[in-house]
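# Structure assessment
Here are the chains, one letter per residue:
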Amino acid sequence: MNHFNLRKSTSVFLASAFLVSALPVSASAMEANTDKEEVIYVNLDNDGSVREINVVNIFGGDTEGVIIDYGKYLDVRNMATIDTIDLSGDTIKINSSAEKLYYEGKLESTLMPWDIQIRYFLDGKEYSAEEIAGKSGEIKITICIAQNQKYKGDFYDNYALQASLSFDTDKCKNIAAPDAAVANAGSKKQLTCTILPGKGADIEITAEVSDFEMDGISINGIPLNLNIEVDDEELMEQITELLDAVSQLDDGAAELQDGVFDLQDGAQSDLKSGVNDLKDGARQLHSGAADLKDGGSTLQDGAADLQNGVNALDEGIHSLNSGIGQMQEALNTLNQQSPELVNGSASFKAALTQLQEALGGVSLVTEDLSALTDASSAMKAGINDLVNGITALQNHVNFDAYKGVMSQNGLDIDGLRQKNESAVSGLEGLISSLSTQIEGLKNAGIDTFGIESQVSQLSDIISLLKASNASIGGTESYLQTVSSNLSSLLQGAAALQENYGIFDGKIGELVNIIGGLAYQMSELSSAINTLVSEYGKLDQGINGYTEAVAKTAAGYSQITDGAAQLVTGSSALKTGSENLYSGTGGLLSGIVEIYDGTGTLKDGTGTLDDGAAELLSGIAQLYDGAGELKDGTSTIREETAGMDTEITDKIDELIETVTGGDFEVTSFVSDKNTNVQSVQFVIKADGVQTEEVSEVTEEMPKKLTVWQKFLNLFGLYHEN
């Protein structure tokens, strides 16, 4: 099952697989490549086919000196310095002068580990991305991600993917994605899906659209190899309690079976023997009564026989009473063992419930993760804008740029400075000459006021020209100082940009990890919920059984009371027979009644014999039920034996699916690159956009003055 995780910037991981097939190179002739990281940028068409693959190779630490790298590139470019890149076959050499170096290369191959297909349907009919742009109706988008069988490598089995895309809610309604996490981001709905290593995905999105447009689909790929420690001590303590409860339940069932066996054995011997003795005594009593009835002359002998029969009956009744008492004790013992059986089952059920509650307490809120990634992305974008603004300002704020702008407006600053100096020199010579002439004219008595006034004006002009040169010098000093400060500011901003880019990437990795973990924990919680539900039925059955035993013990007390009454009656009968034997006069009529009573007693012993048979049958059924219960508890005990080890292994297995195995990072670009610390995939599929045609009205530029142009150079000029 695929789980979407909300992110603002949608990224689809698709690691493009690039096989470097070169002629064999001997180990002695090939130089070891420099330690590096690889970021693979894959550009997809909007149907998922690969358009091109570019690789940014990052060399960190102290990279000054010769850098060796391998890969088949169509072209390469240095992204960080002006050092020349030497590309010869599949070997790249750079004489680096920087502590950190980035260079980008466009790969010859477009083969990658994943095969992606993106399809678009409107009202049940398939369209291309260009055809469906701007249309309205019921739309369906399918994204199929599977293993590329042509690529040979381990990225598919060890890299997790996160795919994301967004929809404008002004144009898309009723957005549905069964396997997606959907979240609001301003006026857009964002959908995110995480695909675990070695798993493909079939993603389907449906919506009602008008003038349909969609941003590009992004997929990011990173190795899922994390170090997570899980404290399962509390869980295993509950499992141990569960196993102990199962053992107690099985032991209680064994004791129950033994008790029922003793009850059955006693009932079959003592009870049956007592009933048989009672039946024999009743027959003898009836026979004696018959003899008494048939022969009055033998009344004395009949009375003796009656006495003998009564004695036998009394012995049988006492034997029956003894057997019934033993059976009552066995039932009481069985009933006393019932609480242990009920408590063991309750402990088992409570342990399962605690385990269920412990797992049910795990909760992950994707909205919080979304807020984190949204804020980080916004911060990253703001830092990028800051770096771009400082770069643009540095390029335009310097003295050379100032002289260039002034030159474009017809003013040569250097020429103006030289002309000012020449004019000052000439005017100072002229003033000196005029001063000499003024002295001569004064000596001749000629008025020189007008000439002296002109000399004063020339002095003012000299001051103005010197002020102009001073202004040029001050402007030069100021702009050079500003340019130097901007360079320092740009270096700091660039360092901030680089460090925050790494931090933003780690936030994305954290969101991916938490999403995959939530999925695995939900499966374990579902299994425990099922076990709790099913065991509740067994617990109800055990409670019903113990209640039945209690009722049987209570009901059997009535038989015990009846047997006691029968003993009392037998004693009275024995006394009467003795009285009858001692005095036979006037008892013949009583003998007839005794004969009738013995017939009834004989019939009663038959009924008692039938009841005893039914009781024995019930005890046999109880013994069979106790045996079935023991078989069931034994099965539970056998099935749960080693359950703690199995659960530990299952937890380890689930954690391994989240954290990944011991995957050793290899180069995506070339198998000659053996010193690669990390490989990351960033893939972007084109979106669906309508073409917009707008009229461009050309306006004649307004002519600015020199001062307005100077203000505009620093962004300080605004039209009224």
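Figured I'd write up the structure that's included with this text.

Another point: the sheet that holds strand S10 (residues 125-127). Across the sheet, five strands lie side by side as S10-S9-S11-S16-S13; this open sheet has antiparallel pairing. Each edge of the open sheet carries a strand with a single partner, namely S10 and strand S13 (172-176). In this sheet, adjacent strand axes meet at a mean angle of 30° when their direction is disregarded. Both S13 and strand S16 (residues 201-209) contribute to a ladder of three bridges, which runs antiparallel. From the neighbouring strand, Ala176 faces S16, where its bridge partner is Thr206.

Turning to the nonpolar core, a few remarks are in order. By size, the foremost hydrophobic cluster in this structure holds 60 residues, and its most contacted members are Phe167 and Phe212. Setting aside anything within four residues of it in sequence, one finds Phe212 in contact with Ile132, Ala133, Gly134, Lys135, Ile139, Ile141, Phe167, Cys172, Val688 and Thr690. Within the second largest apolar cluster, nine residues are counted, among which are Val424, Leu427, Ile438 and Ile462.

Turning our eyes to something else, we now look at the side chain of Ser218. Topologically, Ser218 is positioned in strand S17 (residues 217-223). The buried category is assigned to Ser218, whose relative accessible area is 6%. Here Lys684 takes part through its side chain, which lies 3.5 Å from a polar atom of the side chain of Ser218.

Moving on, we come to helix H6 (residues 399-408). All buried positions along H6 are accounted for by Phe399, Tyr402, Val405 and Met406. Down the axis of H6, the smallest arc covering the buried residues is 120°, so these residues share one side. Looking at H6, the residues exposed on the side facing more than 90 degrees away from the buried face are Asp400 and Gln408. The first or second residue beyond H6 is Gly410, which carries a positive phi of 90°.

Time to look at the sheet that holds strand S4 (residues 65-70). What the three strands build is an open sheet, ordered S4-S7-S6; its pairing is antiparallel. Whereas interior strands pair on both sides, the edge strands pair on one side only; in this sheet they are S4 and strand S6 (85-88). Averaged over all pairs of adjacent strands, the angle between strand axes in this sheet comes to 20°, irrespective of strand direction. Where S6 and strand S7 (residues 91-96) come together, four bridges link them in antiparallel fashion. Directly across from Asp86, in S7, lies its bridge partner Lys93.

Conventions used here
Residues numbered from 1 in each chain as written. Predicted model: local features only at pLDDT ≥ 70, side-chain atom pairs only at ≥ 80, totals over all residues. Heavy atoms only, no water. Pairing = 2+ DSSP bridges. Helix = DSSP H or I, 4+ residues; strand = E, 2+ residues; numbered from the N terminus. Axes fitted to C-alpha atoms, helices over the stretch in contact; angles between N-to-C directions. Core = buried A, V, L, I, M, F, W, Y, C linked by side-chain atoms within 4.5 Å. Buried < 20%, exposed > 50% of the residue type's maximum accessible area, 1.4 Å probe, protein only. Contact = heavy atoms within 4.5 Å. Polar contact = N/O pair within 3.5 Å; in protein donor to acceptor, adjacent residues only side chain to side chain. Arc of directions from axis to C-beta.

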